[in-house]
Amino acid sequence: MNENPKVNLKEAMRYAKGQLIGRYGMAMWIATLPILVETLITTFTTNTATSGVLIISVLISIVVNLLIGVLIFGQSKVFLHIARGDKSHNMSDVVTGLKENVDKAILAQLPFTLVSVICIIPSIMYNLGFLKIPDNKLSVFELIINLVQIVLVFLAKTFFGMNFYILSDHPEYDIATVYKESITMLSGNRLRYVLLYIINIPLMIVSCMACFIGVFWFMAYIDTVFANFYLLLKGEKPWSIEDEFKINYDNINNDENNSF
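Owing to the predicted nature of the structure, the values given are computational and were not obtained by experimental measurement.

The rules behind each value
Residues numbered from 1 in each chain as written. Predicted model: local features only at pLDDT ≥ 70, side-chain atom pairs only at ≥ 80, totals over all residues. Heavy atoms only, no water. Helix = DSSP H or I, 4+ residues; strand = E, 2+ residues; numbered from the N terminus. Buried < 20%, exposed > 50% of the residue type's maximum accessible area, 1.4 Å probe, protein only. Contact = heavy atoms within 4.5 Å. Areas by Shrake-Rupley, 256 points an atom, 1.4 Å probe, with all protein chains shown as cover. Patch = residues over 30% accessible without salt bridge, like charges linked within 9 Å, V, L, I, M, F, W, Y side chains within 5 Å. Salt bridge = Lys/Arg side-chain N within 4 Å of Asp/Glu carboxyl O. Phe/Tyr/Trp six-rings, centres within 6.5 Å; stacked < 30°, edge-to-face > 60°. Lys NZ or Arg CZ within 6 Å of the ring centre and 35° of its normal.

Draft legend 1. Here's a closer look at the overall build of the protein. Broken down by element type, the protein carries 12 helices and 0 strands. Scanning the protein from its N terminus toward the C terminus, one meets helices and strands in the order α-α-α-α-α-α-α-α-α-α-α-α. The 260 residues of the protein split such that 40% are buried. Pairs at least 24 residues apart make up 78% of the contacts formed inside the protein by residues separated by at least 6 positions. Put simply, the protein shows about 14,400 Å² of open surface, and 68% of that area lies on carbon and sulfur atoms.

Encoded structure:
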């Protein structure tokens with residue numbers, strides 16, 4: 001079996017910058033839609049007044065997190081279109097998951113939902129009174145939980161981070177094949193996958209300082225970067241604005257030469 005190609009991270013980022021020219025408006029909206037939907041729903045359903053309400057709120061959050069996979073599926077399809085230079089896509093493509101492969105999109109999200117469930121258990125135990133933590137140590141407890149969640153999310157992504165892209169390209173695959181393909185594709189590039197997040201942290205910080213518009217821009221950019229990462233992983237050359245200019249320039253020269 002051939003070893004996966006080592007993805008050039010700078011190349012993935014360079015492609016993304018050119019691909020988003022003239023498409024930032026749509027890309028920003030699509031990049032933030034799943035997060036906005038999940039945040040709005042969980043905000044209105046979260047209530048820790050009683051243990052019964054808390055449990056119901058947690059169950060709703062889990063269901064919402066799973067269903068968000070349907071939007072992420074459509075989102076991934078759009079960003080693959082952008083990475084391939086396909087301009088036929090539009091805003092309606094983000095709801096692709098609502099029309100096809102709903103079950104597979106939910107299952108593609110399952111590993112990340114399980115991480116959320118694992119990380120929320122200590123907080124549930126604390127709120128229900130099963131876990132006693134002094135008030136002066138509560139902030140440390142929350143910090144540790146957040147750090148553990150970050151580590152587990154990254155760990156899950158290094159195995160299943162290609163789920164939605166693979167499902168977009170191969171809707172005929174069963175979910176077991178999608179999982180296996182993602183694990184195989186990321187083999188040998190797991191560290192690069194994590195580094196791609198880390199090296200973009202400074203850009204994320206600058207974006208956060210530029211109010212909300214900066215955050216939306218960053219999310220569109222990073223989603224395009226990872227779509228390119230996927231294409232490079234599978235050995236497919238992403239579309240680049242430089243190539244299009246070269247093609248157009250060559251076509252103009254050919255037309256001029258033919259006219260004489």
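Draft legend 2. Focus on a nonpolar patch on the surface. A surface patch of nonpolar side chains, about 740 Å² in accessible area, is lined by Leu191, Leu195, Ile198, Ile199, Ile201, Met204, Ile205 and Met209. Counting only elements with at least two residues in the nonpolar patch, the list comes to helix H9 (190-198) and helix H10 (201-209). Broken down by element, the nonpolar patch gets its largest block of residues, 4 residues, from H10. With respect to the helices and strands, Ile198 occurs in helix H9. Given the relative accessible area of 43%, Ile198 is considered partly exposed.

Draft legend 3. How the structure looks around the pattern of salt bridges. According to the stated counting rule, one finds 4 salt bridges in the structure shown. Across the salt bridge formed by Arg84 and Asp169, the nearest N and O atoms sit 2.9 Å from each other. Here Arg84 is found in the loop between helix H3 (51-83) and helix H4 (96-99), whereas its partner Asp169 is found in helix H7 (residues 163-169), with 85 residues between them in sequence. One salt bridge in this structure joins Glu236 and Lys234, with 3.8 Å as the shortest N-O distance. Lys234 gets classed as partly exposed once you look at its relative accessible area, which sits at 36%. Salt bridges sharing partners connect three or more residues here, namely Arg84, Asp169, Lys234 and Glu236.

Draft legend 4. Summary view of the packing of aromatic side chains. All chains considered together, the criterion is met by 12 aromatic pairs. Measuring from ring centre to ring centre gives 5.5 Å for Trp217 and Tyr221, while their planes differ by 5°; the resulting arrangement is stacked. Linking Trp217 with Tyr221, this pair stays in helix H11 (residues 211-233), spanning 4 residues, or about one helical turn. Here Trp217 falls in the partly exposed class, since its relative accessible area comes to 26%. One cation-aromatic arrangement involves Lys157 over Phe112; the distance from NZ or CZ to the ring centre is 5.2 Å.

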